[in-house]
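# Structural overview
Given next are the chains, with one letter for each unit.
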Amino acid sequence: MPLDAITKVETFIVSIPRDMPYLGPLREGERINERGYLIRKGNRSIYPATDMSVLVKITAESGAVGWGETYGIVAPNAVKSIIDDVLGPVIIGRDPGDPVVIHEDLYDLMRVRGFFGGYYVDSLAGVDIAIWDLLGRITNRSLASLVGGQRHASLPAYVSGLPKATLQERCDLAVEWVGKGYKAVKFAAAMSDDGIVKEMAALREAVGPGIHLMVDLHWKFTAPEAIRIIRKLEPYDLYFAEAPCEPEDIDGQAAVAAGIGTPLALGEEWRTVFEYRPRFQRQCMGVIQPEMGHTGVTEFMGIGRMAHAFHVDTIPHASIGIGVFMAASLHATAALKRVPYHEYQHSIFDKNLRYVTGDMDCKAGFYTIPSGAGHGVVPHDSVFNHVVG
Ligand code: MG
């Protein structure tokens with residue numbers, strides 16, 4: 001007996017202005033191009049100058065609505081097109097009580113053509129989050145309860161990034177966050193103009209012992225280079241080292257993991273259990289960082305349970321978005337067992353919180369997991385003033 005039936009799938013590209021680009025002020029040689037993107041010299045990656053996102057709205061026959069969001073920060077029309085042209089029409093009539101089966105069916109549509117990552121799986125993620133949310137709204141159950149039960153009432157947040165121009169300002173900002181009750185801070189090596197080791201030493205001096213410090217190495221190094229640098233950071237008590245080698249370099253990841261005394265944190269760019277599995281098997285990481293905007297709920301839970309089987313911690317990544325996939329990430333994370341922290345992108349989360357309804361929040365070192373049915377948030381009407389494309 002079906003619960004309901006999906007009758008409509010809609011997508012919205014949103015572009016929300018921000019005062020300062022992600023990762024801090026523009027550096028020498030960096031500029032915003034005519035399409036609104038900038039390339040960070042430190043990690044050679046492209047970012048939008050605004051907060052770009054793609055929202056997915058799924059409506060059921062009963063009138064119930066579920067909301068999803070996916071990673072649409074660059075070329076968002078790619079994911080919009082995949083959902084509008086392929087995924088949406090295929091799921092019309094499907095029962096929102098079957099989220100995992102629907103996800104598997106959609107994954108299969110393009111599998112033999114080699115579309116098992118990238119924009120295709122990002123598109124699946126947005127649809128998947130919306131279907132899980134819809135199921136929660138119809139059954140009046142929270143997403144955490146639907147995926148196994150809410151183990152954690154709140155989640156510790158680590159402060160991600162210190163978007164200031166100078167090392168002194170970054171140290172001051174770290175101290176400010178610690179003063180607000182946060183116990184962990186991550187810095188971005190791509191912005192460490194004075195050197196990574198000097199930045200780590202200065203931060204440790206500033207925040208004192210007992211605070212977890214992490215570094216994001218932004219895929220910049222060969223394995224031997226990464227081992228050398230991370231070993232130099234270890235005397236300052238490094239909690240984890242993120243993304244030292246290029247994303248495809250499984251051998252390099254395994255070599256670094258074996259060559260240092262600090263857990264490696266990897267995974268923000270991988271989307272499915274198939275991408276994680278070989279890295280678990282090679283013992284590449286002590287921490288995984290699945291990003292809900294890339295994985296969706298179904299893959300996130302599969303990846304998180306796989307981490308559990310390999311005795312690896314999950315510290316989810318949380319990047320640019322208006323807060324819908326963030327809410328889904330908090331719910332899914334709250335259902336997992338080994339979750340020391342969830343990333344807190346303060347420069348995005350705080351600014352965009354006004355664009356969703358609900359009680360999601362991050363204060364004094366902890367996230368509040370949104371209450372209510374589904375993932376607990378709904379885009380505020382004001383978001384639709386920022387729809388583009
Ligand atoms: Mg990162």
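Above this text you will find the structure in question.
The following paragraphs examine the structure supplied in this document. Predicted, not measured: the structure shown is a model, and the values here were computed from it.

A word on the pairing of strand S7 (residues 184-188). Counting buried residues along S7, five of its five residues qualify, which places the element largely inside the surrounding structure. Neither face of S7 is open: one carries Ala-184, Lys-186 and Ala-188, the other Val-185 and Phe-187, and all of them are buried. In the sheet, strand S6 (residues 154-160) pairs with S7 via two bridges, with the strands oriented parallel. When the bridges of S7 are listed, Ser-160 appears paired with Lys-186. Where S7 and strand S8 (residues 212-216) come together, five bridges link them in parallel fashion. By the bridge assignment, Val-185 is partnered in S8 with Leu-213.

Next up on the list: the packing of helix H1 (residues 76-91) against helix H3 (residues 118-139). Angle between the axes and distance between the axes: these two values describe a pair of packed helices. Following both chains from N to C, one finds H1 and H3 inclined at 55 degrees, their axes separated by 9 Å at the closest point. Classed by the angle they form, the pair H1 and H3 counts as oblique. Taken as a pair, H1 and H3 cross one another with a handedness that is right-handed. Facing Ala-78, Val-79, Ile-82, Ile-83, Leu-87 and Ile-91 of H1, the residues of H3 in contact are Tyr-119, Tyr-120, Asp-122, Ser-123, Leu-124, Val-127 and Ile-131. Residue classes in the contact of H1 with H3 are distributed as 11 nonpolar, one polar and one charged.

Looking now at helix H2 (residues 99-109). Among all positions in H2, only Pro-99, Ile-102, His-103, Leu-106 and Tyr-107 are buried. End-on view of H2: buried residues confined to an arc of 135 degrees, all on one side of the axis.

Moving on to the packing of aromatic side chains. To describe a pair of aromatic rings, one takes the distance between the centres and the angle between the planes. Applying the stated criterion across every chain yields a total of 18 aromatic pairs. Relative to Tyr-276, the ring of Trp-270 has its centre 5.3 Å away and its plane inclined at 85 degrees; by these criteria the two rings are edge-to-face. On the basis of relative accessibility, which here comes to 0%, the residue Tyr-276 falls in the buried class. Within the aromatic cluster, the residues linked to one another by ring pairs are Trp-177, Tyr-182, Tyr-344, Phe-349 and Tyr-367. Note that Lys-180 overlies the ring of Trp-177, its terminal NZ or CZ placed 3.9 Å from the centroid.

Criteria and thresholds
Residues numbered from 1 in each chain as written. Predicted model: local features only at pLDDT ≥ 70, side-chain atom pairs only at ≥ 80, totals over all residues. Heavy atoms only, no water. Buried < 20%, exposed > 50% of the residue type's maximum accessible area, 1.4 Å probe, protein only. Helix = DSSP H or I, 4+ residues; strand = E, 2+ residues; numbered from the N terminus. Pairing = 2+ DSSP bridges. Axes fitted to C-alpha atoms, helices over the stretch in contact; angles between N-to-C directions. Parallel < 35°, antiparallel > 145°, perpendicular 65-115°, else oblique. Left-handed = near helix turned anticlockwise from the far one by under 90°. Contact = heavy atoms within 4.5 Å. Nonpolar A, V, L, I, M, F, W, Y, C, P; charged D, E, K, R; others polar. Arc of directions from axis to C-beta. Phe/Tyr/Trp six-rings, centres within 6.5 Å; stacked < 30°, edge-to-face > 60°. Lys NZ or Arg CZ within 6 Å of the ring centre and 35° of its normal.

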